[in-house]
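So you can see what is in the structure, the chains are spelled out below.
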Amino acid sequence: MSGILAGKRILVTGVVTDASIAFHVARIAQEEGAEVLLTGFGRLSLIERFAAKLPKPAPVIELDVTDQDHLATLAERLGAHADGLDGVVHSIAFGPQGAFSFLDGTWDDVSTAVHVSAYSLKSLTTACLPLLKQRGGSVVGLTFDAAVAWPHYDWMGVAKAALESTSRYLARDLGEFGIRSNLVAAGPLRSMAAKSIPGFGELADVWTTGRAPAGWDLTDPEPAARGVVALLSDFFPRTTGEIVHVDGGVHMMGA
């Protein structure tokens with residue numbers, strides 16, 4: 001199959017429904033010629049059902065990014081399905097309800113949000129290094145613009161700021177291996193994750209009240225997914241440590 005990812009082997013994390021950005025990354029990557037592997041956490045049988053909806057079957061490997069045993073054996077378990085990797089997609093985030101209250105959030109809330117949403121980019125990438133080092137590649141994560149303070153996002157915004165910094169340090173340390181690290185800052189989507197954000201409607205109003213000059217559809221994950229696939233490709237061979245905004249242009253609008 002021809003396409004901008006022809007011959008590449010891509011690991012995609014974070015598929016929780018067939019409406020998630022990660023699912024559409026996997027779909028478009030396959031359409032662009034990649035061999036795709038998925039990871040799942042929790043109900044693997046459910047994720048396997050979503051995997052069956054992809055253009056081609058994709059294996060699902062169990063991964064809890066907070067479980068050191070899972071991380072230590074990840075490369076070996078992936079190796080049963082592919083002899084190397086050319087790309088890794090980090091689409092993992094979680095914050096307890098307390099993380100959405102800045103003044104009341106406890107350290108337990110905050111540490112969980114930072115561990116799962118930010119540190120996991122580093123731990124996932126280093127777990128995959130034995131497979132990525134073979135010929136270099138691209139690591140792409142998903143963020144929600146952490147340059148400003150959003151309504152109700154609170155400690156998750158801090159976790160995303162940590163994610164963005166983590167990506168830059170990965171870019172610094174992995175460049176010698178031919179590995180790039182970049183992020184896509186996507187606009188808000190009515191996803192499973194959105195349901196856990198108190199006041200999501202007020203946050204989304206920023207996009208639905210005319211502040212996105214290129215427009216934004218809260219139900220369409222494809223623009224963000226295409227941004228991820230583009231960064232996985234060889235069309236950005238010297239771009240690393242970057243944040244590409246796929247948000248309809250909201251990030252650059254003034255008051």
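For the structure itself, consult the block above.
Residues numbered from 1 in each chain as written. Predicted model: local features only at pLDDT ≥ 70, side-chain atom pairs only at ≥ 80, totals over all residues. Heavy atoms only, no water.

Turning our attention to the packing of helix H1 (residues 21-31) against helix H8 (residues 222-232). Direction vectors running N to C along H1 and H8 enclose 55°, while the axes themselves pass 8 Å from each other. Judged by the inter-axis angle, H1 sits oblique to H8. Handedness of the crossing formed by H1 with H8: right-handed. Together, Ile-21, His-24, Val-25, Arg-27, Ile-28 and Ala-29 of H1 and Glu-222, Ala-224, Ala-225, Arg-226, Val-228 and Val-229 of H8 make up the contact between the two elements. For the contact of H1 with H8, the per-class residue count stands at eight nonpolar, one polar and three charged. (Axes fitted to C-alpha atoms, helices over the stretch in contact; angles between N-to-C directions. Helix = DSSP H or I, 4+ residues; strand = E, 2+ residues; numbered from the N terminus. Parallel < 35°, antiparallel > 145°, perpendicular 65-115°, else oblique. Left-handed = near helix turned anticlockwise from the far one by under 90°. Contact = heavy atoms within 4.5 Å. Nonpolar A, V, L, I, M, F, W, Y, C, P; charged D, E, K, R; others polar.)

Counted according to the given criterion, the structure contains nine salt bridges. The closest approach of N and O atoms between Asp-173 and Arg-172, which form a salt bridge, is 2.7 Å. Among the ionic pairs, Arg-226 bridges to Glu-222, the shortest N-O distance being 2.9 Å. A residue pair is termed a helical-turn pair when its members lie 3 or 4 positions apart in one helix, as Arg-226 and Glu-222 do in helix H8 at four residues. On the basis of relative accessibility, which here comes to 43%, the residue Arg-226 falls in the partly exposed class. Judged by relative accessible area, Glu-222 falls into the partly exposed class, the value being 24%. Among the charged side chains, a salt-bridge network with shared partners connects Arg-9, Asp-83, Asp-86 and Arg-135. (Salt bridge = Lys/Arg side-chain N within 4 Å of Asp/Glu carboxyl O. Buried < 20%, exposed > 50% of the residue type's maximum accessible area, 1.4 Å probe, protein only.)

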